[in-house]
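Listed below are the residues making up each chain.
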Amino acid sequence: MGTASSLVSPAGTGGEVIEDAYGGGGGEACEIPVEVKPKARLLRSSFRRVGASRPGGLIGASFKSTASVQELECMAEYERLKKEYEIFRVSKNNEVASMVKKEAKLDLENKRLRAELQALQKTYQKILREKESALEAKYQAMERAATFEHDRDKVKRQFKIFRETKENEIQDLLRAKRELETKLQRLQAQGIQVLDPEESDSDDNCTEVTATGAHSEYWTGGVLGSEPSIGSMMQLQQSFRGPEFAHSSIDVEGPFANINRDDWDTAVASLLQVTPLFSHSLWSNTVRCYLINTDETQPEVDIFIRNYSPKLQRICETMGYFFQVVHFPVENGNHFQAVRKWEIEKSSLIILFIHLTLPSCLLEDCEEALLKNPEGKPRLIYRRIEDGKVSSDPVQWLTEQACCLNKAKLIDHMGGVEEGAYETYTCVEKIIKQDILGCESTEVEGKDLGNKEESTAPEEEVFGDVLWDAHDEQEQMEAFQQASNSTCELGFEKYYKRLNDLVAAPGPIPPLLVSGGPGSGKSLLLSKWIQLQQKHSPNTLILYHFVGRPMSTSSESALIIKRLTLKLMQHSWLVSPLTLDPAKLLEEFPRWLEKLSARHQGSIIIIIDSVDQIQQAEKHMKWLIDPLPVNVRVTVSVNVETCPQAWRLWPTLHLEPLNSKDVKSLITAECSCADVKLTTEQEKKLEKHCRSATTCNALYVTLLGKMIARAESTGNIDEILQQCFQCQDTVSLYKLVLLSVQESMVNDKDKNLMKEVLCLISVSHNGVSESELMELYPELSCAMLASLVHSLHKMCMLAYGCGLLKFQHLQAWETVRLEYMEEGQNIVSTYREKLIDYFTMQLSQGRVTWRSADELPWLFQQQGNKQKLHKCLLNLFVSQNLYKRGHFAELLSYWQLVGKDKSSMAAEYFDSLKQYEKNCEGEESMICLADLYETLGRFLKDLGLLSQAVAPLQRSLEIRETALDPDHPRVAQSLHQLAGVYVQWKKFGNAEQLYKQALEISENAYGAEHPRVARELDALATLYQKQNKYEQAEQLRKKSFKMRQKAARRKGSLFGFALLRQRALQLEELTLGKDTPDNARTLNELGVLYYLQNNLETAELFLKRSLEMRERVLGPDHSDCAQSLNNLAALYNEKKQYDKAEELYERALEIRRTALAPDHPSLAYTVKHLAVLYKKMKKQIEALPLYERALKIYEDSFGHMHPRVGETLKNLAVLSYEGGDFEKAAELYKRAMEIKEAETLLTGGKAASRPSSSGDTFSLRSALSPNVFLDYGQK
């Protein structure tokens, strides 16, 4: 067998690696400490031991000794073999252990490879399916393309035949038209009146109103050829038909061949822009009723205020407005003169209670209120008559003047004072509903449907299912007007250039940061720049948002994003569902922005003022950091101290402190208003004082000027200056303002009331209204409140916002907190509790208004009272009010504060509704219950709880079918909302059936052309699109689109000739004043108005007066003079006085070439109409280059596929054809047809964008709805 020595490592070679015969990779041999000696060595050692033990060595050894030696040898061999076996066993055990480890390792590797194989198989299957889907989509697209090519060729052939036929018919119609015009002229010459204004509502000879940016038959029919206004009129007319009027003077004779419905609607829009219908009549969402009375009629006034004022307040509350009676006692006739004049200017309605005499102290107020009434506000005179008694001469004179010249209504009453007060109340109620709020038409519509509440949701008609808060929108309009109210430019020209460079720079570019200290004029700069952009860049869409006080509604990020998204939807003429989830809104806004920017022909500018005041601005405004679309520009303003760090890397425009020249001009402007003249020494002191950064900002200098102007009444200007010089910042100067106003108070009671009022406004969510203050403090007289508000408003402390008193500036708010609430949170809680008690009392009386829904939950949240907040949220009408106004995120945040999740919210609302349902009796309460169920269903749908949303919507449907009628429009509303849930739930079959039922009911109730019918068609089209039924969806969208066009047209004609007659008289009065640019513009508008009424002679007079006044005031080379010249030329063109028209057109063209850019659309306007005139005069050679010039301008301004380009191409084609250049004519006509086809596809499905000069200009439809008031004009 050999020895085991071969297995033992030699000395010095520890750890030798042994190769594994099985391919295991080898292992390290074990070192065994055993020494094996050879046999000879063993024997010698044995003999040595024996010899050593016995003297004499081995001689004489016995056999027994020999046997012992053999035994020893056997034992040694045995030990050797044993050890060799042990070594072999250990070696094999090591090999086995190594192989077990390798086996485990291989198993793991096998499992990993199997998992990878399975993953690869799944990926392969997925890619295979995607490949098959892509191939299928490719084949479907190829089939559609082939079908489209076939259909296009077929349509081209049919269109060619149709065009040739229609051209012949047009020629026949033109000949017939000329014959009729000749007959009409003969009839008019005989004195027969043939123009009936009431017949203008017929559909004869009218062109349908197109969507914004789209043109319907843009080269057929002549429409208004003059420009009613380059800047002001541009905004509202594009709500109906695009950025300009459509013009064509080739197919018909003259730009004014027919007066059609489009002209009429545009004229109404123009007049509303020049003198808005409700701008001053409805001051800041408040119906203000100003009462004037004598001692003789004091009983009627007392009864009216005590018994009927609360009723009028409830009427206005239900429609979303405030009602405020303003009355100064007779004994204070000589006091509060400036306050009374201010209140008369703000008033919506003035009522004079008179009997036999009129005191001289009231005569001035009566003349101011009743005779000087340029806006044509409603006026009412109550005159008590007694037998045998004759009124004094002043009473008779005033009554005759007011009733005859100013159309005041007169109530001649014979009887008791109670009956007289009631008669006045009934007349006032009618005036408020019809003349002030303009809601009589919607009430009639509601009565026809059997339910007056049908007209209470205009937002759904305008925006489909999108929930819109008109109060938020009005607040933004008023914030813009307040910001731009200053007449001083403060050296802003250098900043305008930088802002204009932002718009002109190639995109995409990051937002521009407008930074500056508090009160440095950032809001004023942005608002003034917005006005300039609206005037000079009509194709620019501007969306703005002015953030108010922190923690107010205007600073809530979700509402800001929702408002801007709705504006984008409005300007893209799209009505589609919009999520109310704040996170999803933040995701969808950039998509809407990208979608509109791709369609919009001009730039889109988004301006957010005081963006750093937005709650969690960096989180909710993160879309600002992402790359913006190429034609989108964003400008935000921030305070230097509070600007987020991540935004400081953006391009920045920093507002520098005012220089001495601007400081002087600003103070001089304030002093001149009060007839104050400063001495040279005083001016030097002011200049020396206003040199630091805190004393030369715009707000500080403005306050300083107002304090100096206020000091004129006391005659101690030097003393006031000395006090002002001790104030080194705006807050300290505001403290001086408060002290000055307090010192003007008569007694300590009034001073304490002033403190109470300011503290209440400070702790409220959005402000407090005057009517609420009167109810909170019964001892507060109307005269005292009016005087206080007038003083604080004049000193830049308070302002109106949506009918609420708010602080004008953040520094004013900080001043009140520092001055009156130094005690800390305790005093704040005390005033909040006072507001909580007031609004809680309102809820207990069943008065759930938008104010109580806005304030009460927020106050509970600020107080940290979760229990009361929970109870308030379970008031179904409070939650309904918040949700229906789109405050979904706010409502959700309240529930999160209470600690409830979505399912808990749904369960608690269900329980509350079930409890409310037990107490419902009668039809009215059941209808209200159905509304609550519908609101809950929509709320749950927005929360994503689709399965739970079905039950309340079905219950709402059941109640309405039972309480009303299965065919009632409210039933269609329930069907529509229930179908919307099924669409999100992917149950398309159920949704389609419900939508069709809703469509049938709406058609039967409203008629086939109503906006509600269009909404159902839109919903069905969206459903079919989700099911890939594109052809059916396209047909429904086209049908819906036409309905919306007609609805817009009808709404524009709703106020019709009555409005125009009323405004014509008022505008004529406006023009009797001195020469001003505004009066010249008004004269121009009057000329257009009278032309629309076919009164050419009067129109010519007004247009000439406008031109003469503009030449005197602005100079003969001003661009507005070009407008008047252009309008006069168009008028002479219509009268066929071509020589006069040619001269005026050439003068207008020369002015515009100098004043405007070479590619400005208004330049093309004049060029084109001069070309039309040359063609009429048979000057084709002169006309051709002008047409080509107009074409190039339109292509540069609007793009090569704009309808204006198509119109001009067609005109050029006709001109080339008449000139004998048939090949060029065919080529031009072909290009025009391609633009026409593209426009038809666009208007049929996806409407073009709205080229607006102001993103916050409402359509006429929403402007005149009873619940949506917006002020379009400058006050």
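For the structure, check the block above.
This one's a predicted model, so the numbers in the text were calculated from it and none came from an experiment.

Comments concerning the pattern of salt bridges
Across all of its chains, the model carries 46 salt bridges by this definition. Among the ionic pairs, R288 bridges to E343, the shortest N-O distance being 3.1 Å. Linking R288 in strand β3 (residues 286-293) with E343 in helix α6 (residues 337-346), this pair joins segments that are 55 residues apart in sequence. A single burial state applies to R288 and to E343, both of which are buried. Across the pair E1100 and K1135 runs a salt bridge whose closest N-O atoms are separated by 2.8 Å. On the criterion of sequence distance, the pair formed by E1100 in helix α41 (residues 1096-1113) and K1135 in the loop between α42 (1119-1134) and α43 (1138-1155) is long-range, its members being 35 residues apart. Overall, K1135 belongs to the partly exposed group, its relative accessible area being 22%. Via salt bridges that share partners, D931, E934, R938, R960 and R970 belong to a single interconnected network.

A short note on the packing of aromatic side chains
One pair of aromatic rings is described through two measures. These are the centre distance and the angle between the planes. Enumeration according to the criterion identifies 24 aromatic pairs in this entry. Aromatic side chains F492 and Y495 sit 6.1 Å apart centroid to centroid with 55 degrees between the ring planes, which places their arrangement in the tilted category. With a relative accessible area of 7%, Y495 lands in the buried category. Ring centres 6.3 Å apart and planes at 70 degrees place the aromatic pair F492 and Y496 in the edge-to-face group. Among the aromatic side chains, those forming a connected cluster through ring pairs are Y883, F888, W895, Y909 and F939.

Observations concerning the sheet that holds strand β7 (residues 409-413)
Two strands in a sheet stick together by hydrogen bonds in their backbones, pointing the same way (parallel) or opposite ways (antiparallel). Taken together, the 5 strands give an open sheet; going across it, the order is β4-β3-β5-β6-β7, and neighbouring strands pair in parallel fashion. Looking at which strands have only one partner, the edges of the open sheet turn out to be β4 (322-327) and β7. Each neighbouring strand pair of the sheet contributes to a mean axis angle of 15 degrees, computed without reference to strand direction. Of the pairings in the sheet, the one linking β3 to strand β5 (residues 349-354) comprises 5 bridges and is parallel in character. Paired with C289 across the two strands is L349, which belongs to β5.

A word on the sheet that holds strand β11 (residues 632-639)
Pairing in this open sheet of 5 strands is parallel, and the strands run β9-β10-β11-β8-β12 from one edge to the other. Each having just a single partner strand, β9 (541-546) and β12 (652-654) make up the two edges of the open sheet. Looking at each pair of strands side by side, their axes are set apart by 15 degrees on average, direction ignored. Pairing of strand β10 (residues 604-609) with β11, which is carried by 5 bridges, proceeds in the parallel orientation. Counterpart to I608 in the pairing with β11 is V636. The strands touched by helix α15 (residues 557-571) are β9 and β10; relative to β9, the strand with the most contacts, the crossing angle is about 160 degrees.

Re helix α9 (residues 417-436)
Taken residue by residue, α9 has G420, A421, T424, Y425, C427, V428, I431, I432 and I436 as its buried positions. Residues of α9 that are buried sit in contact with β3, α5 (298-318), β4, β5, β6 (379-384) and β7.

Structural notes on the pairing of β9
In terms of residue burial, β9 counts as a mostly covered element, since 6 of its 6 residues are buried. Neither face of β9 is exposed, since L541, L543 and H545 on one face and I542, Y544 and F546 on the opposite face are all buried.

Some words on the packing of helix α18 (residues 660-673) against helix α20 (residues 698-711)
As a packed pair, α18 and α20 sit with axes 8 Å apart at the nearest point and diverge in direction by 35 degrees. Seen along the crossing, α18 lies across α20 with a hand that is right-handed. Each of V663, L666, I667, E670 and C671 in α18 lies in contact with α20, whose residues at this interface are A698, V701, T702, L704, G705, K706, I708 and A709. Of the residues contributing to the contact of α18 with α20, the split by class is 9 nonpolar, 2 polar and 2 charged.

Quick notes on the packing of α15 against helix α16 (residues 582-599)
Packing of α15 against α16 leaves a shortest axis separation of 9 Å and a crossing angle of 30 degrees. Judged by the angle between their axes, α15 and α16 are roughly parallel. Regarding α15 and α16, the two cross each other, and that crossing is left-handed. Contacts between α15 and α16 pair A558, I561, K562, L564, T565, L568, M569 and H571 from the former with P582, L585, L586, F589, W592, L593 and L596 from the latter. Considering only residue class, the contact of α15 with α16 consists of 12 nonpolar, 2 polar and 1 charged.

Observations regarding unusual backbone geometry
Here the phi dihedral of C796 falls at roughly 60 degrees; this positive angle occurs in a residue that is not glycine. Looking at the element boundaries, C796 is found in the loop between α25 (782-794) and β13 (798-801). Its identity as a non-glycine residue notwithstanding, K1136 has a phi of 65 degrees, on the positive side. Here K1136 is to be found in the loop between α42 and α43.

Here we look at a nonpolar patch on the surface
Taken together, L135, Y139 and M142 make up a surface patch of nonpolar side chains, about 300 Å² in accessible area. Mapped onto the secondary structure, M142 falls in helix α2 (residues 63-189). Relative accessible area serves as the criterion here: at 48%, M142 is assigned to the partly exposed category.

Reading the values: the criteria
Residues numbered from 1 in each chain as written. Predicted model: local features only at pLDDT ≥ 70, side-chain atom pairs only at ≥ 80, totals over all residues. Heavy atoms only, no water. Salt bridge = Lys/Arg side-chain N within 4 Å of Asp/Glu carboxyl O. Helix = DSSP H or I, 4+ residues; strand = E, 2+ residues; numbered from the N terminus. Buried < 20%, exposed > 50% of the residue type's maximum accessible area, 1.4 Å probe, protein only. Phe/Tyr/Trp six-rings, centres within 6.5 Å; stacked < 30°, edge-to-face > 60°. Pairing = 2+ DSSP bridges. Axes fitted to C-alpha atoms, helices over the stretch in contact; angles between N-to-C directions. Contact = heavy atoms within 4.5 Å. Left-handed = near helix turned anticlockwise from the far one by under 90°. Nonpolar A, V, L, I, M, F, W, Y, C, P; charged D, E, K, R; others polar. Parallel < 35°, antiparallel > 145°, perpendicular 65-115°, else oblique. Patch = residues over 30% accessible without salt bridge, like charges linked within 9 Å, V, L, I, M, F, W, Y side chains within 5 Å. Areas by Shrake-Rupley, 256 points an atom, 1.4 Å probe, with all protein chains shown as cover.

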